[in-house]
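# Breakdown of the fold
Chain by chain, the residues run as shown.
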Amino acid sequence: MIVAERKPLEDIREMIAGYKKILIVGCGTCVTICWAGGEKEVAVLSSQLRLASKKDGNELEILEATIERQCEKELVEALKDKVQQVEAVLSMGCGAGVQPIAEIFPDMPVYPALNTTFVGMPEGEGVWVETCRACGDCFLDKTGGICPIVRCAKGLLNGPCGGTNNGKCEIDSEKDCAWTLIYRRLEQQGRLDAMRKYYPPRNFQAVIRPGKVETLPA
Amino acid sequence: MKAKGAFLPDIVAFCCAQSAYQAADTAGSMRITYPENIRVIRVPCAGRVDVLHILRAFEKGADGVLVLGCHEEACRHLSGNIRAKNRVQRVNTLLQEVGIDGKRVEMFTLAPNQGSRFARIANEVNERIKELGPSPVKSGA
């Protein structure tokens, strides 16, 4: 899933300074799971903004809406009635959520309340880690399902390097060495021969940016 | 705006029905007085108190908020008091971000028979909030 973090309140206030009525839009998918931009976070941000503007003696009315996915135009279109009532929209979706809103309502200023950080998974309660770089040339078949492109500090395809230290990385002694993890996983699966192969440099143009995938339903 | 000397803070106290609410009752039975400006809200468990409940109390003009729950290891719902403690910490940070002193929200734990502790907490918090003055969110404050 896509992981994001909320921007500092000060930055958000600077973006919406001068507006008297705004709409905060949450997203019910990835950013709800990572506690950054779901219905609850929308309510908390609205409350904080109301408190801050009351404190400074400014007038600010806030409408709230959370849709299932901000990255789908059909779902964003349902915001039309609310968008028409406000001067600006603050999106609590990832970057792929902000842009459809801006595209569907081109006359409306749309601001991001989140910083989209990475594609990842939860490691524990409230902790998310990056696990995929979305490189377009998946290497996981060779590495026992552990991605060295993201999890190795050097992104090595032929690891480990000389800096592996009792299973930890030389860059950060708290961080696991991805290639040690890969070795252990392949050993567990009886596939250590995969470690002995040499992998040539990757195709860094597997995805021409901006990426586009065209497909038909199965 | 009230004169500073006459400032009587609005303090909302979310009280767990299993402990703090009964402690407030005990204080009453024991004829122990506590400030009348503490507004007691009975909740089934301190863990029911959400970050938004506390924030909205401030939006509606509270000068301070108290969350009172059971002692640790004594929550009838196992971890409601721990959840409440974490949420109070979270609100603390959220208020600081807004520019409101995080000390305006506090959590205490007590047992249902601790009427005098309830009154002492109420008095101490009342004094602390008086020193902080009216909430900066209050119009004209």
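Residues numbered from 1 in each chain as written. Chains lettered and ligands numbered in written order. Predicted model: local features only at pLDDT ≥ 70, side-chain atom pairs only at ≥ 80, totals over all residues. Heavy atoms only, no water.

### A word on the overall build of chain A
Scanning chain A from N- to C-terminus turns up nine helices and seven strands. Over its C-alpha atoms, taken along the principal directions, chain A stretches across nearly 65 × 45 × 25 Å. By the burial criterion, 39% of the 218 residues in chain A qualify as buried. Here the contacts in chain A between residues at least 6 apart in sequence split such that 60% fall between residues at least 24 apart. (Helix = DSSP H or I, 4+ residues; strand = E, 2+ residues; numbered from the N terminus. Buried < 20%, exposed > 50% of the residue type's maximum accessible area, 1.4 Å probe, protein only. Contact = heavy atoms within 4.5 Å.)

### Some remarks on the pattern of salt bridges
As enumerated under the stated definition, the model contains 20 salt bridges over all chains in all. With its nearest N and O atoms 2.5 Å apart, the salt bridge here joins Arg50 of chain A to Glu59 of chain B. Note that Arg50 of chain A is positioned in helix α3 (residues 39-55) and Glu59 of chain B in helix α2 (residues 51-59), a pairing that runs across two chains. Residue classification places Arg50 of chain A among the buried residues on the basis of a relative accessible area of 18%. For Glu59 of chain B, a relative accessible area of 12% translates into the label buried. A salt bridge links Asp56 of chain A to Lys55 of chain A; the shortest N-O distance between them is 3.9 Å. With relative accessibility at 40%, the residue Asp56 of chain A sits in the partly exposed group. Relative accessible area serves as the criterion here: at 29%, Lys55 of chain A is assigned to the partly exposed category. Linked by salt bridges that have partners in common, Asp10, Arg39, Asp63 and Lys138 of chain B make up one network. (Salt bridge = Lys/Arg side-chain N within 4 Å of Asp/Glu carboxyl O.)

### Things to note about unusual backbone geometry
All names here are of chain A. Of the consecutive residues Gly159 and Pro160, the connecting peptide bond is found in the cis state with omega at -5°. In this chain, Arg209 is followed by Pro210 through a cis amide linkage whose omega measures -5°. With respect to the secondary-structure elements, Pro210 resides in the segment after α9 (193-196).

### Some words on the interface of chain A and chain B
Contact with chain A, which involves 13 residues of that partner, is made by 15 residues of chain B. Counting across the interface, chain A meets chain B through three salt bridges. With its nearest N and O atoms 3.0 Å apart, the salt bridge here joins Lys40 of chain A to Asp50 of chain B. Looking at the side of chain A that touches chain B element by element, the count peaks at 10 residues for α3 of chain A. Taken together, the residues of the side of chain A that touches chain B break down into six nonpolar, two polar and five charged. (Nonpolar A, V, L, I, M, F, W, Y, C, P; charged D, E, K, R; others polar.)

### A few points about helix α6 (residues 95-104) of chain A
All names here are of chain A. Along α6, the residues classified as buried are Gly97, Val98, Pro100 and Ile101. The arc that holds every buried residue of α6, seen down its axis, measures 165°, which confines them to one face. Exposed residues on α6 whose side chains face more than 90 degrees from its buried face are Gln99 and Glu103. If you follow the buried residues of α6, they end up packed against β2 (21-27), α4 (73-77), β4 (88-91) and β5 (110-112). (Arc of directions from axis to C-beta.)

### A look at the pairing of strand β4 (residues 105-109) of chain B
All names here are of chain B. Burial within β4 is extensive, with four of its five residues counted as buried. The pairing of strand β3 (residues 64-69) with β4 spans five bridges and is classified as parallel. Within β4, the position partnered with Leu66 by the bridge is Glu106. (Pairing = 2+ DSSP bridges.)

### What to know about the nonpolar core
Judged by nonpolar contacts, the single largest core of 51 residues is most densely connected at Leu49 of chain A together with Ile54 of chain B. The element that contributes the greatest number of residues to this core is α3 of chain A, accounting for seven residues. Discounting chain neighbours no more than four positions away, the residues touching Leu49 of chain A are Leu9, Ile12, Arg13, Ile16, Ile22, Ile24, Leu60, Ile62 and Leu90 of chain A. (Core = buried A, V, L, I, M, F, W, Y, C linked by side-chain atoms within 4.5 Å.)

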